[in-house]
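In case you want the letters, here they are:
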Amino acid sequence: MQKSPSMVDVIEELAHTQVHDCYQCGKCTAGCPMADRMDVIPSQIMRLVQMGRVDKAMKAESIWLCVSCQTCSTRCPKSVNIAGVIDALRQLSVEQNVASPAQQRTVVFQKAFLDNIRRNGRLKELELVGFFKVGAFVKGPSLTFLFKDSLLAPKMLTRGKLHLIGERVKDRDVVRRIFDRCMSSPDTKDKG
Ligand code: SF4
Ligand code: SF4
């Protein structure tokens, strides 16, 4: 009988890397611009995955603080794709709905942002704000959060930083096809 792949296997396939190549030198963490804000630093994320503690790694706040700058992967002397591993962890944590409670708004924002681009081909700011605020409110009702920043809107509108109507690209089918292709790829299935 064929053995089903472990979570580590899944991450290695998604990230196209070998997590056991990591020998914990810490160069990834040393170069990471977000490391000092992370609860689990990049080298520790790698160690957790190596040990099969993917469940713990998926719940780390760090994976949502990572800005995908790729510095860690570039610095790694063993060519481990740490940024890819973190991306895979984000994908799996959304699929399994286990993202850190403190980062739920980040998860909602990511979905609202990607859906917005898929619909319009480019960002419609007010629509994004609306979907994000309502989605975040559903996850954790807070009137303070719902109306936070609302006083900034008139200023941003007058300065042209926010657009009431927003624009859409003409051929939105092309954008949708790009999304569909990404979503049907085994590497990015169900992402976002
Ligand atoms: S730089 Fe590479 S080898 Fe060093 S700790 Fe990070 S992932 Fe491991
Ligand atoms: S890709 Fe993420 S983990 Fe890697 S250096 Fe950048 S912020 Fe840090």
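See the structure shown above.
Everything quoted here is computed from the prediction, not taken from an experiment.

Caption draft 1: Structural view of the overall build of the chain. Secondary structure summary: the chain contains 12 helices and zero strands in total. If you line up the chain on its principal axes, its C-alpha atoms span 55 × 35 × 30 Å. Considering only intrachain contacts with a sequence separation of at least 6, the fraction spanning at least 24 residues in the chain is 64%.

Caption draft 2: The arrangement of the nonpolar core in detail. Ile11, Met46, Val49, Ile82, Val85, Ile86 and Leu89 are the most contacted members of the largest nonpolar core, which has 34 residues in total. Sorting the residues of this core by element identifies helix 1 (7-15), helix 3 (42-50), helix 4 (54-58), helix 5 (62-65), helix 7 (82-95) and helix 8 (104-120) as the ones contributing at least two each. Here the element with the most residues in this core is helix 7; it accounts for seven residues. Setting aside anything within four residues of it in sequence, one finds leucine 89 in contact with Ile11, Ala57, Met58 and Ile63.

Caption draft 3: Broad picture of the site of ligand 2. Around ligand 2 there are 15 residues in total, and Cys32, Cys66, Cys69, Cys72 and Ala83 lie nearest to it. Elements with a contribution of two residues or more to the shell around ligand 2: helix 6 (71-75) and helix 7. By residue number, the principal contributor to the shell around ligand 2 is helix 7, which donates three residues. A breakdown of the residues in the shell around ligand 2 according to their chemical character gives 11 nonpolar, four polar and no charged.

Caption draft 4: View of the site of ligand 1. Lining the immediate surroundings of ligand 1 are 15 residues, of which Cys22, Cys25, Lys27, Cys28 and Cys76 lie closest. At the level of secondary structure, the elements contributing two or more residues to the shell around ligand 1 comprise helix 2 (27-31) and helix 3.

Caption draft 5: Main features of unusual backbone geometry. In this structure, serine 68 is a non-glycine residue whose phi angle is positive, near 55 degrees. Checked against the element boundaries, serine 68 lands in the loop between helix 5 and helix 6. Non-glycine residue glutamine 70 carries a positive phi angle of around 75 degrees. Secondary-structure assignment places glutamine 70 in the loop between helix 5 and helix 6.

Caption draft 6: Spatial organisation of helix 1. Within helix 1, the full set of buried residues consists of Ile11, Glu12, Leu14 and Ala15. Looking straight down helix 1, one finds its buried side chains confined to an arc of 165 degrees; they lie on one side. Its buried side turned inward, helix 1 meets helix 3, helix 4 and helix 7. Positive backbone phi, at 50 degrees, marks histidine 16, one or two positions downstream of helix 1.

Caption draft 7: Representation of the packing of helix 8 against helix 9 (residues 125-139) within the structure. As a packed pair, helix 8 and helix 9 sit with axes 9 Å apart at the nearest point and diverge in direction by 145 degrees. As for how helix 8 packs across helix 9, the hand of that crossing is right-handed. Of the residues in helix 9, those touching helix 8 at Gln104, Arg105, Val108, Phe109, Ala112, Phe113, Asp115 and Asn116 are Glu127, Leu128, Phe131, Phe132, Gly135, Ala136 and Lys139.

Caption draft 8: Structural view of the environment of alanine 83. Tracing the backbone through its elements, the reader meets alanine 83 in helix 7. Once the C-alpha coordinates of alanine 83 and cysteine 72 are considered, the two residues, 11 residues apart in sequence, prove to be 6.7 Å apart. Non-local contacts of alanine 83, meaning those with residues more than four positions away in its chain, are made with Ser68, Gln70, Cys72 and Ser73.

Calculation criteria
Residues numbered from 1 in each chain as written. Chains lettered and ligands numbered in written order. Predicted model: local features only at pLDDT ≥ 70, side-chain atom pairs only at ≥ 80, totals over all residues. Helix = DSSP H or I, 4+ residues; strand = E, 2+ residues; numbered from the N terminus. Contact = placed C-beta atoms within 7 Å. Core = buried A, V, L, I, M, F, W, Y, C linked by C-beta atoms within 7 Å. Buried ≥ 20, exposed ≤ 12 C-beta atoms within 10 Å, placed from the backbone. Near = placed C-beta within 6 Å. Nonpolar A, V, L, I, M, F, W, Y, C, P; charged D, E, K, R; others polar. Arc of directions from axis to C-beta. Axes fitted to C-alpha atoms, helices over the stretch in contact; angles between N-to-C directions. Left-handed = near helix turned anticlockwise from the far one by under 90°.

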